[in-house]
Amino acid sequence: MAKGDNLTPTAYIEHHLQNLTFGLHPENGWSFAKNAEQAAEMGFWAIHVDTMAWSIGLGILFLWIFRKAAKMASTGVPGGLQNFVEMMVEFVDNSVKETFHGRSKLIAPLSLTILCWIFLMNLMDLVPVDFLPTLAQRVGVMFGADPSSVYFKVVPTTDINVTLGMSLSVFALIIFYAIRSKGVSGFIAELTLHPFNTPNKFFQVLLIPANFLLEVVTLLARPISLALRLFGNLYAGELIFILIGLLGLWQLPLYFPWAVFHILIIVLQAFIFMMLTIVYLSMATEEH
């Protein structure tokens, strides 16, 4: 929603931070939420339509770009797209070789996907904050919607559902690789016999609860830290763009320098998520 729609600063910020939510409302049935209260009443199974659309769309864009580069690849002089894709593949491949100490054909493609997909989602933060939401409002009006009830967030990584969903997928892979590398018994032993270990069997049994608590906390901290780090940095960046948008004509001198600085955050957060994923999966395959 544009700043010129007679909104208070608080209402303007809240409107930009609200997702387009579809779900089963206790009174209205299956419908789009018209405000934050209705979105909350829809409960856990409500869908953030804008987040899903942008996430899937940018994922398809990533696949299309790399597929196009693969089809255009030649042994002759490479074009710009082929050079870029080859550079990205080589960079990720070297990162995996230097960090992951196990054997897996999945880690490199997974890392490349994480890096590029998160980068594209983060990149949407550079789109002017009022442009796409205002366009969405105009489309909503064409279908009879009230402009004030049309919400449209364009940065998927500012939605905790996306970052937590990706981190939980990584967490599932951590468990899978740990069990595949050490076996079920080895995985359970790692959770119950470390970090405190002693040759005395009696004391070792007594230490199992403390070991289990510490190891489970460490294990669960990995996906949570992945999710919150990415979400927190991008959410803060989006909020600053929204605050700049409140300044009206004064936003232009501030928007450009912040956007240039934010490019570093966009790239860095995608890289950190990828590297931590590689590190965590490498740790899952290592014996203590």
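Please read all numbers here as calculations on a predicted model, not as lab measurements. (Residues numbered from 1 in each chain as written. Predicted model: local features only at pLDDT ≥ 70, side-chain atom pairs only at ≥ 80, totals over all residues. Heavy atoms only, no water.)

Draft legend 1. Quick look at the packing of helix α5 (residues 107-123) against helix α7 (residues 160-192). Direction vectors running N to C along α5 and α7 enclose 170 degrees, while the axes themselves pass 13 Å from each other. Judged by the angle between their axes, α5 and α7 are roughly antiparallel. In contact with Ile 107, Leu 110, Trp 117, Ile 118 and Met 121 of α5, α7 contributes Val 162, Met 166, Leu 173 and Tyr 177. Within the contact of α5 with α7, the residues separate by chemical class into nine nonpolar, no polar and no charged. (Axes fitted to C-alpha atoms, helices over the stretch in contact; angles between N-to-C directions. Helix = DSSP H or I, 4+ residues; strand = E, 2+ residues; numbered from the N terminus. Parallel < 35°, antiparallel > 145°, perpendicular 65-115°, else oblique. Contact = heavy atoms within 4.5 Å. Nonpolar A, V, L, I, M, F, W, Y, C, P; charged D, E, K, R; others polar.)

Draft legend 2. Representation of the side chain of Gln 18. Mapped onto the elements of the fold, Gln 18 is located in the loop between α1 (9-16) and β1 (21-25). We classify Gln 18 as buried; its relative accessible area is 13%. For Gln 18, the residues in contact, after removing those within four places along its chain, are Ala 36, Ala 39, Asp 50, Tyr 151, Phe 152 and Lys 153. (Buried < 20%, exposed > 50% of the residue type's maximum accessible area, 1.4 Å probe, protein only.)

Draft legend 3. How the structure looks around the nonpolar core. Within the largest apolar cluster, 45 residues are counted, with the highest numbers of intra-cluster contacts made by Ile 118, Phe 273 and Leu 281. Every element with two or more residues in this core is listed here: α3 (49-72), α4 (80-99), α5, α7, α8 (201-245) and α9 (251-285). Residue contributions to this core peak at 10 residues, all from α7. In terms of nonpolar packing, the next biggest core, distinct from the first, is built from 11 residues, Ile 13, Leu 246, Tyr 255 and Trp 258 among them. (Core = buried A, V, L, I, M, F, W, Y, C linked by side-chain atoms within 4.5 Å.)

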